[in-house]
Amino acid sequence: MSQIHLRMLLGQAGVDAPDVDSLALQLTGALEGPILLYLPMSPRANKALHIARLADSWQILIERLCQPTPEREAEADREG
């Protein structure tokens, strides 16, 4: 699955993230392995900013995955 497809799916899902492109990149990396190692980056690129954007999007991804949903809460109540 390409980063473009993931970006489109995140948009259609209404994901409200400050940087959906970086979130799509994180998901692509998680699904396709070492893609993050091959990112094109110019010699003048701000590597610290790039790393910070990836870290922020990873945090958003994990927070969303761990966020309680009504379905999860109902299941937890049933298991009780």
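Residues numbered from 1 in each chain as written. Predicted model: local features only at pLDDT ≥ 70, side-chain atom pairs only at ≥ 80, totals over all residues. Heavy atoms only, no water.

1. Some words on the overall build of the protein chain
Put simply, the rule reads: A run of DSSP states H or I qualifies as a helix once it reaches four residues; a run of E qualifies as a strand once it reaches two. Both are numbered from the N-terminal end. Three exposure classes are used, based on accessible area relative to the maximum for each residue type with a 1.4 Å probe and protein chains only: buried under 20%, partly exposed in between, and exposed over 50%. By the convention used here, residues are in contact when the closest approach between their heavy atoms is within 4.5 Å. Note on areas: Shrake-Rupley, 1.4 Å probe, and residue coverage restricted to the protein chains presented here.
In terms of regular secondary structure, the protein chain is built from 4 helices and 0 strands. Listing every helix and strand of the protein chain by position from the N terminus yields α-α-α-α. Residues counted as buried form 20% of the 80 residues belonging to the protein chain. Across the protein chain, the fraction of contacts at a sequence separation of at least 24, relative to all contacts at a separation of at least 6, is 45%. For the protein chain, the exposed area adds up to about 6100 Å²; of that, 59% sits on carbon and sulfur atoms.

2. Some words on the environment of Ile 4
By secondary structure assignment, the location of Ile 4 is in helix α1 (residues 3-12). Through-space distance from the C-alpha of Ile 4 to that of Leu 25 is 9.0 Å; in sequence the pair is 21 residues apart.

3. A look at the nonpolar core
The following threshold applies: Working definition of a nonpolar core: buried Ala, Val, Leu, Ile, Met, Phe, Trp, Tyr and Cys residues. They are joined through side-chain atoms within 4.5 Å.
Listed in full, the 9 residues of the largest apolar core are Leu 6, Leu 10, Ala 17, Val 20, Leu 23, Ala 24, Leu 27, Ile 60 and Leu 61. Sort the elements by how many residues they give to this core and helix α2 (residues 20-32) lands first, with 4 residues. Beyond its immediate sequence surroundings of up to four residues, Val 20 is in contact with Arg 7, Leu 10 and Val 15.

4. Quick notes on helix α3 (residues 47-66)
To keep it simple, the criterion reads: To estimate how far a helix should reach, multiply one less than its number of residues by 1.5 Å. This arc is taken over the directions from the axis of the helix to the C-beta atoms.
Taking 1.5 Å of rise per residue, the 20 residues of α3 would be expected to cover 28 Å, and the 29 Å separating its terminal C-alpha atoms lies within 8% of that figure. Among the residues of α3, Leu 54, Ser 57, Ile 60 and Leu 61 are the ones counted as buried. The buried side chains of α3 occupy one side of the element, clustering within an arc of 125 degrees when seen end-on. Away from its buried face by more than 90 degrees, α3 exposes Ala 48, Ile 51 and Cys 66. The inward-facing, buried residues of α3 abut α2.

5. Digging into the packing of α1 against α2
Keep this limit in mind: Convention adopted: a line fitted to C-alpha atoms gives each axis, helices being fitted over their contacting stretch, and angles between N-to-C directions are expressed from 0 to 180 degrees. In these notes the angle categories are as follows: under 35 degrees is roughly parallel, over 145 is roughly antiparallel, 65 to 115 is roughly perpendicular, and the rest is oblique. Crossings are assigned a handedness: left-handed for a near helix turned anticlockwise from the far helix by less than a right angle, right-handed for a clockwise turn. Three classes are used, and their members are as follows: Ala, Val, Leu, Ile, Met, Phe, Trp, Tyr, Cys and Pro are nonpolar, Asp, Glu, Lys and Arg are charged, and the others, Gly among them, are polar.
Packing of α1 against α2 leaves a shortest axis separation of 8 Å and a crossing angle of 125 degrees. Considering the angle they form, α1 stands oblique to α2. Crossing hand, α1 versus α2: right-handed. For the pair α1 and α2, the contacting residues are Gln 3, Leu 6, Arg 7 and Leu 10 in the first and Val 20, Asp 21, Leu 23, Ala 24, Leu 25, Leu 27, Thr 28 and Leu 31 in the second. Classifying every residue of the contact of α1 with α2 by side-chain character gives 8 nonpolar, 2 polar and 2 charged.

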